[in-house]
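Secondary and tertiary structure notes
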Amino acid sequence: MKEQIAQLIDAALSTLIANGTLPADITPNIQVENTRDKAHGDFASNIALTLAKPARRNPRELAQQLCDALPTNGSIEKTEIAGPGFINFFVSQASIFTVLGDILEQGDAFGRGQANSGPRMQVEFVSANPTGPLHVGHGRGAAYGATVADLLEAAGVEVEREYYVNDAGRQMNILAASVWLRYLEQHEQELTFPSNGYQGHYIRDIAHDLVKDHGDRFNRPVADVVADIPADEPAGGDKEVHIDALIERAQQLLGDDYEMVFDAGLNSILGDIREDLGEFGVNYQEWFSERSLTSSGDVSRALEQLEAKGYLYEQDGNLWFRSTDFGDDKDRVVKRANGQTTYFASDIAYHMNKFERGFDKVVNIWGADHHGYIARVKAAIQAMGYDPEKLEVRLVQFAILYRGSERVQMSTRSGSFVTLRELRNEVGNDACRFFYVTRKADQHMDFDLELAKTESKDNPVYYIQYAHARVCSVLRKLESEGMAWDQAAGLAAMERLESETEKDLVKQLAKYPETLQHAALNFEPHVLANYLRDLAGDFHTWYNGHKLIIDDAELRNARLTLSVAVRQVLANGLKLLGVSAPEQM
RNA sequence: GCGCUCGUAGCUCAACCGGAUAGAGCAACGGCCUUCUAAGCCGUAGGUUGCAGGUUCGAGUCCUGCCGGGCGUGCCA
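Residues numbered from 1 in each chain as written. Chains lettered and ligands numbered in written order. Predicted model: local features only at pLDDT ≥ 70, side-chain atom pairs only at ≥ 80, totals over all residues. Heavy atoms only, no water.

Heads up, the rule is: UniProt positions are given in the numbering used here, feature names are shortened, and annotations may be inferred rather than shown by experiment.
By the naming in an unreviewed UniProt entry, chain A goes by Arginine--tRNA ligase and is assigned to Marinobacterium weihaiense. Checking UniProt for chain A, the heading Catalytic activity (unreviewed entry) contains the comment "tRNA(Arg) + L-arginine + ATP = L-arginyl-tRNA(Arg) + AMP + diphosphate". Of chain A, the UniProt comment under Subunit (unreviewed entry) reads exactly: "Monomer."

In structure tokens:
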């Protein structure tokens, strides 16, 4: 409908240009909006206001001329000039209601664009270090990323979902050392666990499995392990130096077996993360290994590329990337004096790799604490000759958990963080998925556990699901009364739906496709969440004032048709949010 | 200090590319079940959009300054 009106305006503009009322060199940007106030009709355009200045005309007068020049169209009942020069369009009942037929005909596909008709995009999200279970902060990134990816796909974009596995680097070595030390404890060796090691109980579980699968293969005398290791922090030393020495010792004593211990930790935790996400309805096409960037030579190749273009220089023995040439605050080290490449070097290689895979757009969903990295990564992309605009970085703020009005304290140091799995078990996947995306991602959010758990109207998830279940319930009731819903008869009797609430409801349904598009292209799932809440509200309002199972067959079928259309759109929307649409509650 | 970001009803948040009288929910108060699920509906009340300027037909939205919160600012990962 919006499209149609825009075309009518375009035609009117051409007419006015042809007869000399408007200059030929204007570049109109035709906007048609949903009206906020019913008194303003169904749709409105501000075209006369935006053209008033370049056309050097009074906006209301111009609006009138545009109206006069509008081609006649059966769907438009009347137009009005209002306010400073808006053109309001009043659409006929019949053409508003045609959307019901579209919904029922298209079913699950209603609102979706043509599959893979758009660009190819990659969405990378969560990508938490595999050093422990996911916590509630990762949960928001997971829900947000999964929904953004699903929305894009629904909008016709070809989407690849990817998890970047940080399976290299010091943190992973600390993990391996932690596993190994717990393993030694399983062999009844007494040792003091490093303060900077991973304290979680899951480390013991991994060590236990290691004993089960490999017996004492990795066992070494503790005396050899701790010999000449610098003191830990509680003993007056430096915890970083202490743990690094332990890692080095583990590598010495285990030789080639070190990698087995390392992989045992990595695979166990990664397996847990996959399972966790899978249960949360979050799935990936690709789990991309950071280590593979080194073995494939991408890291050295990326650095060579930058070198060849003259963006690298040596200073103090380190190799620097001149990112300041591309707007970064300071230059960055890519290779240390000891020959080790930095994490940033891997990032450069990773993004080079992404762009070489030919995506039209690369979307990174990062925790908000990473926002300082955007400039340097974009700088690297640009330096390698790619368009930095093709990288879209979306930041997700952390969620603060509340139990009622009480804040749930979390700290990684004390190990008292709430895991995503615990949250899902307590609150349920549906409420989790919904709550996480109901607020703008770059906004801090308060996640109230008590509210998410309540099964009442206070909880928007149940409110929406209940609307869906209500329609199902009516259809069951209908059947038990020995009646059936006749879709064709319903569609043929649309003119019987004459109340204002019915029209509101249908107009809300008609907004679904554009809402979906908007939510997808702007990476804003909350728009869809809010839309569904509004739709459910409109439905409940209508339902409360209108009986569906009535003797008047024509009216009954018309109302049932509307109900089923609402159910369809609710189901489509909930599916995209990863929330179930129950048939009864 | 510098950079990014946010500031909207008592609370949690919306507001489509700059549009008309800034909207929901919760909390508060008052109503509605012999009727398809009351997990619902209706109504009342609640605002100088942090402050001060600027841009224009029009600003919560764009620009400048200030105030306040968050994050970043490692040869860490």
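**Brief notes about the overall build of chain A**
Filter applied, for reference: Note on conventions: DSSP H or I runs of at least 4 residues are helices, E runs of at least 2 residues are strands, and numbering of each starts at the N terminus. Working definition: with a 1.4 Å probe on protein chains only, accessible area under 20% of the residue-type maximum means buried, over 50% means exposed, and in between means partly exposed. Think of it this way: Lys and Arg go in the positive column, Asp and Glu in the negative one, and His and the chain ends go nowhere. For this purpose, a charge sits on NZ of Lys, CZ of Arg, CG of Asp or CD of Glu.
Within chain A, the secondary structure is distributed over 23 helices and 15 strands. Across its three principal directions, the C-alpha atoms of chain A cover 90 × 65 × 40 Å. Among the 585 residues that make up chain A, the fraction classed as buried is 49%. Computing the positive centroid from 59 side-chain charges and the negative centroid from 87, chain A places the two 4 Å apart.

**Here we look at the packing of aromatic side chains**
Selection criterion: Here a Phe, Tyr or Trp ring, Trp counted by its six-membered ring, pairs with any other such ring whose centre lies within 6.5 Å, and the pair is stacked when the planes are under 30 degrees apart, edge-to-face when over 60, and tilted otherwise. Here, a charge over a ring means that NZ of Lys or CZ of Arg falls within 6 Å of the ring centre while also lying within 35 degrees of the ring normal.
This model, assessed by the stated rule, comprises 21 aromatic pairs. Between Tyr164 and Phe288, the ring centres sit 6.4 Å apart and the planes meet at 35°, which makes this aromatic pair tilted. Separated by 124 residues along the polypeptide, Tyr164 in strand β6 (residues 158-165) and Phe288 in strand β7 (residues 286-289) bring together distant segments of the chain. With relative accessibility at 9%, the residue Phe288 sits in the buried group. With centroids separated by 6.3 Å and ring planes inclined at 10°, the aromatic side chains of Tyr313 and Trp320 adopt a geometry described as stacked. Note on accessibility: Tyr313 and Trp320 belong to one class, buried. Aromatic ring contacts, followed pair by pair, group Phe125, Tyr163, Tyr284 and Trp287 into a single cluster. Between Arg182 and the ring centre of Phe193, over which it is positioned, the NZ or CZ distance is 3.6 Å. Seen from the ring of Phe280, Arg433 lies directly overhead, with NZ or CZ sitting 5.6 Å from the centre.

**Describing the domain arrangement of chain A**
The condition is simple: Residue ranges for the domains trace back to a domain assignment, done automatically or taken from a database.
For chain A, the assigned domains are domain 1 (2-91), domain 2 (149-167 + 272-396), domain 3 (170-265) and domain 4 (460-577). Averaged C-alpha coordinates put domain 2 and domain 3 at centres separated by 31 Å.

**What to know about the side chain of Lys354**
As a reminder, the rule being used: Think of a polar contact as two N or O atoms within 3.5 Å of one another; within protein, one of them needs to be a possible hydrogen donor and the other a possible acceptor, and neighboring residues in sequence only count if both atoms come from side chains. Residue contacts are counted whenever heavy atoms from the two residues lie within 4.5 Å of one another.
Structurally, Lys354 is set in helix α13 (residues 343-356). Among the polar contacts made by the side chain of Lys354, one reaches the side chain of Asn364 at a distance of 2.8 Å. Setting aside chain neighbours within four positions, we find Lys354 in contact with Gln122, Glu124, Phe359, Val362 and Asn364.

**Quick look at the packing of helix α2 (residues 47-55) against helix α3 (residues 59-69)**
To keep it simple, the criterion reads: Axis definition: a line fitted to C-alpha atoms, limited for helices to the stretch in contact. Angles are taken between N-to-C directions and run from 0 to 180 degrees. Here a crossing is taken to be left-handed if its near helix is turned anticlockwise relative to the far helix by less than a right angle, and right-handed if that turn runs clockwise. For this classification, Asp, Glu, Lys and Arg are treated as charged, while Ala, Val, Leu, Ile, Met, Phe, Trp, Tyr, Cys and Pro are nonpolar and the rest, including Gly, are polar.
Taken N-terminus to C-terminus, the directions of α2 and α3 make an angle of 120°; their axes are 8 Å apart at the nearest point. In this structure, the crossing between α2 and α3 has a hand that is right-handed. Contacts from Ile47, Ala48, Leu49, Leu51 and Ala52 in α2 reach Pro59, Leu62, Ala63 and Leu66 in α3. Class assignment of the residues belonging to the contact of α2 with α3 gives a composition of nine nonpolar, no polar and no charged.

**Looking at the environment of Ala44**
With respect to the element layout, Ala44 can be found in strand β2 (residues 43-45). Expressed as a C-alpha distance, the spacing of Ala44 and Thr342, which sit 298 residues apart in the sequence, is 55 Å. Apart from the residues within four sequence positions on either side, Ala44 is in contact with Gln31, Val32, Glu33, Thr35, Ile87, Asn88 and Phe89.

**What about the pattern of salt bridges?**
The condition is simple: The working definition used for a salt bridge is a side-chain nitrogen of Lys or Arg within 4 Å of a carboxyl oxygen of Asp or Glu.
Overall, the coordinates contain 32 salt bridges when judged by the stated rule. For the salt bridge of Lys507 with Asp42, the shortest nitrogen-to-oxygen distance reads 2.7 Å. Separated by 465 residues along the polypeptide, Lys507 in helix α20 (residues 500-510) and Asp42 in the loop between β1 (32-34) and β2 bring together distant segments of the chain. Among the salt bridges present, the one from Lys477 reaches Glu481, with a minimum N-O distance of 3.4 Å. Glu481 sits in the partly exposed class, given a relative accessible area of 43%.

**Looking at helix α15 (residues 420-427)**
Selection rule: This arc is built from the directions going out from the helix axis to the C-beta atoms.
Within α15 the residues assigned to the buried category are Leu420, Leu423, Arg424 and Val427. Projected down its long axis, α15 carries its buried residues within an arc of 100°, all on one side. Contact partners of the buried residues in α15: α5 (136-154), α10 (258-279), β13 (399-403), α16 (429-437), β15 (445-448) and α17 (449-453). One or two steps after α15, the chain reaches Gly428, where phi turns positive at roughly 100°.

**Observations regarding the UniProt feature "domain: DALR anticodon binding" (unreviewed entry) in chain A**
Mapped onto this numbering, the UniProt entry annotates "domain: DALR anticodon binding" (unreviewed entry) at residues 464-585. The distance separating the terminal C-alpha atoms of residues 464-585 is 11 Å; by composition the span is 74% helix and 0% strand.

**Comments concerning the environment of Gly145**
Secondary-structure assignment places Gly145 in helix α5. Among all residues touching Gly145, those that are not within four sequence positions of it are Val123, Phe125 and Ile365.

**A look at the nonpolar core**
How we decide: To qualify as a nonpolar core, a set must consist of buried Ala, Val, Leu, Ile, Met, Phe, Trp, Tyr and Cys residues joined through side-chain atoms within 4.5 Å.
Formed by 158 residues in total, the largest nonpolar core has its most connected members in Tyr163, Trp180 and Leu277. With twelve residues, the single largest contributor to this core is helix α23 (residues 553-577). By size, the runner-up hydrophobic cluster in this structure holds 31 residues, among which are Leu293, Phe326, Met352 and Ala383.

**Focus on the pairing of strand β12 (residues 391-396)**
Our working definition: Note on pairing: two strands pair once DSSP finds at least 2 bridges between them. A right-handed crossover is one whose linking path, passing over the helix from the first strand to the second, runs clockwise when the strands point away from the viewer.
Where strand β11 (residues 361-367) and β12 come together, six bridges link them in parallel fashion. When the sheet's bridge partners are listed, Asn364 is paired in β12 with Val393. Crossover handedness for the path β11 to helix α14 (residues 374-383) to β12: right-handed.

**What about the sheet that holds strand β3 (residues 76-82)?**
Backbone hydrogen bonds are what pair the strands of a sheet, in a parallel or an antiparallel way. Reading across the sheet, the four strands line up as β1-β2-β4-β3 and stay open at both edges, with antiparallel pairing between neighbours. Whereas interior strands pair on both sides, the edge strands pair on one side only; in this sheet they are β1 and β3. For this sheet the average axis-to-axis angle between neighbouring strands, irrespective of direction, equals 30°.

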